[in-house]
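# Commentary on secondary and tertiary structure
Residues per chain, in single letters:
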Amino acid sequence: MTNLTVRALASSLPQALPDAFFDRDAQLLARDLLGKVIRHRVGDLWLSARIIETEAYYCEEKGSHASLGYTEKRKALFLDGGHIYMYYARGGDSLNFSAQGPGNAVLIKSAYPWIDELSGPASLAQMLLNNPDAQGRPRASQKLCAGQTLLCKALGLKVPVWDAKRFDHEVLLVEDTGPAPGHIIQTTRLGIPHGRDEHLMYRFVDAAYAPYCTRNPLRRGQVEGRDYFLLP
């Protein structure tokens with residue numbers, strides 16, 4: 001094998017973001033994760049999805065799991081930035097990354113299937129098989145990862161396998177494939193019970209993909225400056 005061939009093979013592999021990328025303020029991390037691609041290798045396939053929606057959480061605010069205190073199950077939230085915290089939500093798996101500071105993290109709320117030279121049609125086909133609808137039929141691809149548990153199901157990510165782990169760059173990673181979102185929507189998080197800081201605008205959405213996230217922040221009745229802000 002020539003040096004040229006080796007370089008060509010290396011350039012075709014995913015280039016994982018370093019751990020230092022995650023060791024930042026949770027809101028900054030939540031914004032900067034938009035547009036990045038999660039890749040999970042299953043067999044010979046890289047299953048991939050572009051992050052389009054995130055939520056930031058801090059230890060001191062009541063909406064955070066960490067606000068309930070340290071436990072063995074929640075230990076990943078208190079580890080250095082770049083640890084994986086997974087838990088079950090409504091019977092499905094959910095994916096979070098720890099951020100800078102004990103108890104701070106970002107929830108990956110939804111994504112959009114990503115197709116490129118590394119993750120081709122066969123990868124998308126596997127994701128469709130992983131995540132059929134309630135009747136066992138294939139979902140529309142644009143809605144395949146439109147929610148935190150749908151995302152994990154499509155990518156084949158499981159709590160027992162990845163909770164409290166670091167990324168394994170041969171199996172699971174986040175990659176910057178570019179380009180960054182043109183505009184970002186900042187709004188309130190979803191599913192936060194009344195009285196648990198539900199007013200905090202810690203949810204971030206790639207504006208170009210707003211119709212495909214968990215709940216469209218640009219839906220009818222929403223008012224800019226009141227219900228959401230459009231960031232450059």
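The structure displayed is predicted, hence computed values, not measured ones.

### Some details on helix α5 (residues 148–155)
For α5, a buried count of six out of eight residues is recorded, marking the element as mostly surrounded by other parts of the structure. By the burial criterion, the buried members of α5 are Q148, L150, L151, C152, A154 and L155. Where α5 is buried, its residues meet β1 (37–42), β2 (45–57), β3 (84–89), β4 (92–98), β5 (105–113) and α4 (121–130).

### Topic: the pairing of strand β7 (residues 184–187)
The two faces of a sheet get side chains in turn, since along a regular strand they alternate between them. The alternating pattern of β7 places I184 and Q186 on one face and I185 and T187 on the opposite face, and all of these are buried. Bridging between β7 and strand β9 (residues 228–231) involves four bridges; their strand directions are antiparallel. Bridge pairing in β9 links I185 to L230.

### Some words on the side chain of D93
You can see D93 is positioned in strand β4. Although D93 is buried, it forms no salt bridge, and the closest oppositely charged side chain is K158 at an N-O distance of 4.1 Å. Among the polar contacts listed, one links the side chain of D93 to the backbone nitrogen of V159, at a separation of 3.0 Å. Residue contacts for D93: discarding those within four places in its chain leaves M86, Y87, Y88, Q148, T149, C152, L157, K158 and V159.

### With respect to the side chain of N96
Residue placement: N96 occurs in strand β4. Those residues in contact with N96 that lie beyond four places of it in its chain are H83, I84, Y85, Y87, V106 and L107.

### A few points about unusual backbone geometry
Across the junction of G178 and P179, the peptide omega takes the value -10 degrees, indicating a cis bond. Structurally, P179 can be placed in the loop between β6 (172–175) and β7. Backbone geometry places R90, a non-glycine residue, at a positive phi of 50 degrees. Assignment of secondary structure puts R90 in the loop between β3 and β4. The exposure class of R90 is exposed, given its relative accessible area of 75%. Of note in the backbone geometry, D197 takes a positive phi value of approximately 60 degrees without being a glycine.

### Focus on the packing of aromatic side chains
On inspection of all chains with the given rule, the structure shows nine aromatic pairs. Taking the centre distance of 5.3 Å and the plane angle of 55 degrees together, the rings of Y112 and Y212 count as tilted. You can see Y112 sitting in strand β5 and its partner Y212 sitting in the loop between β8 (203–206) and β9, a full 100 residues away along the chain. Here Y212 falls in the partly exposed class, since its relative accessible area comes to 27%.

### Digging into the pattern of salt bridges
Throughout the structure, instances matching the rule amount to 11 salt bridges. Between R50 and D206 there is a salt bridge, and its shortest N-O distance comes to 2.6 Å. In this pair, R50 sits in strand β2 while D206 sits in strand β8, placing the two residues 156 residues apart along the sequence. An identical accessibility class is assigned to R50 and D206; each is buried. Across the salt bridge formed by D133 and R137, the nearest N and O atoms sit 3.3 Å from each other.

### Quick look at the environment of A210
Here A210 shows up in the loop between β8 and β9. Between the C-alpha atoms of A210 and A26, which are 184 residues apart in sequence, the distance is 21 Å. If near-sequence neighbours (up to four positions away) are discounted, A210 is found in contact with I185, V205, N216, P217 and L218.

### Considerations on the environment of G101
Counting through the fold element by element, G101 comes out in the loop between β4 and β5. For G101, a relative accessible area of 27% corresponds to the partly exposed category. Separated by 28 residues in sequence, G101 and L129 place their C-alpha atoms 38 Å apart.

About the cut-offs
- Residues numbered from 1 in each chain as written.
- Predicted model: local features only at pLDDT ≥ 70, side-chain atom pairs only at ≥ 80, totals over all residues.
- Heavy atoms only, no water.
- Buried < 20%, exposed > 50% of the residue type's maximum accessible area, 1.4 Å probe, protein only.
- Helix = DSSP H or I, 4+ residues; strand = E, 2+ residues; numbered from the N terminus.
- Contact = heavy atoms within 4.5 Å.
- Pairing = 2+ DSSP bridges.
- Lys, Arg positive; Asp, Glu negative; His and termini not counted.
- Salt bridge = Lys/Arg side-chain N within 4 Å of Asp/Glu carboxyl O.
- Polar contact = N/O pair within 3.5 Å; in protein donor to acceptor, adjacent residues only side chain to side chain.
- Phe/Tyr/Trp six-rings, centres within 6.5 Å; stacked < 30°, edge-to-face > 60°.

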